[in-house]
Amino acid sequence: NLSDRLKTVASYVEKNTILADIGSDHAYLPCYLVHQSTITKAIAGEVVKGPYESALKQVKNEGLENQIEVRFGDGLQVINEEDHVGTITIAGMGGPLIASILEAGKHKLTNVHTLILQPNIHAKAIREWAVKEGWKIEEETILEEHSKIYEVIVLKKGSMPLTEQELLVGPILMQVRTNIFKKKWSVEVKEWERIWTQLKTIPNSTEVEHKIMELENKMSIVKELL
Ligand code: SAM
């Protein structure tokens with residue numbers, strides 16, 4: 001049974017697109033999408049032996065070897081132009097890692113029209129990368145499962161200027177401001193306040209001063225949304 005987190009990612013995959021799921025682990029997401037008849041062809045990429053073997057095994061057990069090809073390799077290196085990949089999913093990692101995978105493989109994105117990304121933390125890194133590389137946020141959602149809060153960001157090609165506030169919390173998420181959104185940022189603000197209090201006890205230096213200003217800036221940006 002697929003997690004709500006991955007079901008949410010799956011819900012953004014358009015019908016009949018060719019999918020590359022990078023960091024696929026057990027390949028649960030592509031398997032689910034083929035069973036749902038959303039897609040008929042996917043590539044599952046993995047860079048670690050254990051998860052790569054789990055993916056191979058899962059695809060075999062589900063009898064999906066003709067639809068899902070499991071490939072071993074780093075990030076987008078597993079895809080080529082001849083694959084005609086239209087959609088890439090990258091889920092269950094930190095935002096900076098997802099952004100670095102996209103950055104390293106950006107020459108592979110010429111014909112890709114949709115990126116569905118699910119950062120566990122620091123989604124900001126993805127929004128910064130998107131703005132820099134000419135992708136715009138089409139959809140954003142936030143969900144809670146097993147006491148963890150996850151964000152999902154859907155990118156399409158296009159330009160999208162974002163304010164400092166939008167980069168941090170998400171332009172769509174801050175419009176909708178669900179209870180889960182408020183919960184996530186209340187927890188963050190508490191943590192920043194804790195760090196702020198600690199920094200205030202350290203003898204002054206420009207570095208500490210800078211960190212304090214950065215925290216104060218983030219706190220004021222976020223507090224007005226709670
Ligand atoms: N995507 C699945 C999910 O959301 O449930 C699995 C998430 S798992 C926490 C992250 C996976 O990404 C691991 O299996 C790891 O080996 C893989 N991974 C990390 N960096 C990668 C990279 N540069 N290229 C391919 N896979 C990567």
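- Named according to an unreviewed UniProt entry, the protein is tRNA (Adenine-N(1))-methyltransferase originating from Psychrobacillus faecigallinarum.

**What to know about the overall build of the protein**
- Looking only at helices and strands, one finds 9 helices and 7 strands in the protein.
- Against the globule reference of 17 Å for 226 residues, the protein gives a C-alpha radius of gyration of 19 Å, in line with a compact fold.
- Overall size of the protein, expressed as C-alpha extent along the three principal axes, is 60 × 35 × 35 Å.
- Taking all 226 residues of the protein together, 35% fall into the buried category.
- Across the protein, contacts joining residues at least 24 apart in sequence account for 68% of those joining residues at least 6 apart.

**Describing the domain arrangement of the protein**
- When cut into domains, the protein gives domain 1 (4–167) and domain 2 (182–223).
- Measuring from the centre of the C-alpha atoms in domain 1 to the corresponding centre in domain 2 gives 32 Å.

**Looking at the site of the ligand**
- Near the ligand lie 16 residues; those nearest to it are G23, D25, P51, A91 and G92.
- Among the elements of the structure, β2 (42–46) and β4 (87–93) are those that each provide at least two residues to the shell around the ligand.
- Top element by residues in the shell around the ligand is β4. It accounts for 3 residues.
- In terms of residue class, the shell around the ligand is made up of 8 nonpolar, 5 polar and 3 charged.

**A closer look at the sheet that holds strand β6 (residues 135–145)**
- In spatial order, the strands read β3-β2-β1-β4-β5-β7-β6; together these 7 strands make up an open sheet with mixed pairing. The strands lining the two open edges of the sheet, one partner per strand, are β3 (68–72) and β6. Strand after strand, the sheet turns through a mean of 15° between neighbouring axes, direction not considered.
- Pairing of β4 with strand β5 (residues 114–119) involves 6 bridges; the strand directions are parallel.

**Section: helix α1 (residues 4–11)**
- Turning to α1, its buried residues are R5, L6, T8, V9 and A10.
- Contacts from the buried residues of α1 go to α2 (28–35), β4, β5, β6 and β7 (148–157).

**Section: the nonpolar core**
- In this structure, L33 and I126 are the most contacted members of the largest nonpolar core, which totals 50 residues.
- Apart from residues no more than four positions distant in its own chain, L33 is found in contact with A10, V13, L19, T38, I39 and A42.

**Thoughts on the packing of α1 against α2**
- Contact pair α1 / α2: the axes reach a minimum separation of 10 Å and the direction vectors enclose 55°. Between α1 and α2, the angle falls in the class oblique. Our pair here, α1 against α2, has a crossing hand that is right-handed. Contact residues: α1 offers L6, V9 and A10, while α2 offers Y28, L29, Y32 and L33.
- For the contact of α1 with α2, the class distribution of residues is 7 nonpolar, no polar and no charged.

What counts, and at which threshold
Residues numbered from 1 in each chain as written. Predicted model: local features only at pLDDT ≥ 70, side-chain atom pairs only at ≥ 80, totals over all residues. Helix = DSSP H or I, 4+ residues; strand = E, 2+ residues; numbered from the N terminus. Rg over C-alpha atoms; globule rule 2.2 N^0.38 Å. Buried ≥ 20, exposed ≤ 12 C-beta atoms within 10 Å, placed from the backbone. Contact = placed C-beta atoms within 7 Å. Domains from an automatic or database assignment. Near = placed C-beta within 6 Å. Nonpolar A, V, L, I, M, F, W, Y, C, P; charged D, E, K, R; others polar. Pairing = 2+ DSSP bridges. Axes fitted to C-alpha atoms, helices over the stretch in contact; angles between N-to-C directions. Core = buried A, V, L, I, M, F, W, Y, C linked by C-beta atoms within 7 Å. Parallel < 35°, antiparallel > 145°, perpendicular 65-115°, else oblique. Left-handed = near helix turned anticlockwise from the far one by under 90°.

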